[in-house]
Amino acid sequence: MDGESGLEPDLLPNLDEFVLARIAEDKRIAAEAAAASGREAWTTADVPFGPEPRGVAEHVARQDPARLLAECSAKRRLALACRDSRPDMTFLGARPRGLADFFLAPRDQHQLAALTLALLALPYAGHHDYRPEWRP
């Protein structure tokens, strides 16, 4: 099995599997950070950067495990709801050539589910399992 995607090496994940796997990775990392630090909620005082600019400490503190775990839970519920809505994946590749920057408005819940999954996947576009045809 591929340690990165959790799938057999020659199987590529579909979009909902990809999103759910990335959310699970984020959840694992947040839980490990909570365990290593001994707390789930962080403040700027907890950030071990010393005299770093205040904005850096605030950013790191906002990434505390409690918030990330809640975010993972919400994203997972959203991804599962989209998957259950039978997303129309052909919608993602429906833009005419040369119009990739124009917004493509979904016309039904199946297209909206596909677009939502694609948007949830977008922050992970650098991952080796991400496929360009998912780009919204």
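Above this text sits the structure in question.
About the thresholds
Residues numbered from 1 in each chain as written. Predicted model: local features only at pLDDT ≥ 70, side-chain atom pairs only at ≥ 80, totals over all residues. Heavy atoms only, no water. Helix = DSSP H or I, 4+ residues; strand = E, 2+ residues; numbered from the N terminus. Contact = heavy atoms within 4.5 Å. Axes fitted to C-alpha atoms, helices over the stretch in contact; angles between N-to-C directions. Parallel < 35°, antiparallel > 145°, perpendicular 65-115°, else oblique. Left-handed = near helix turned anticlockwise from the far one by under 90°.

K.L.:
Just to check I follow, could you spell out the overall build of the chain for this structure?
P.N.:
Summing up its helical and strand segments, the chain has four helices and zero strands in all. For the chain, the N- to C-terminal ordering of α and β elements is α-α-α-α. The contacts of the chain with a sequence gap of at least 6 include a subset with a gap of at least 24, amounting to 59%.

K.L.:
Whenever I open this one, the packing of helix α1 (residues 15-37) against helix α4 (residues 109-121) confuses me. Can you help?
P.N.:
Axes are the key here: two packed helices are described by the angle between their axes and the distance separating the axes. It is the contact of α1 with α4, at a shortest axis distance of 9 Å, that shows an interaxial angle of 40 degrees. As judged from the angle between their axes, α1 and α4 are oblique. Between α1 and α4 lies a crossing whose hand is left-handed. Contact residues: L15, D16, F18 and V19 in α1; A114, L117, A118, L120 and A121 in α4.

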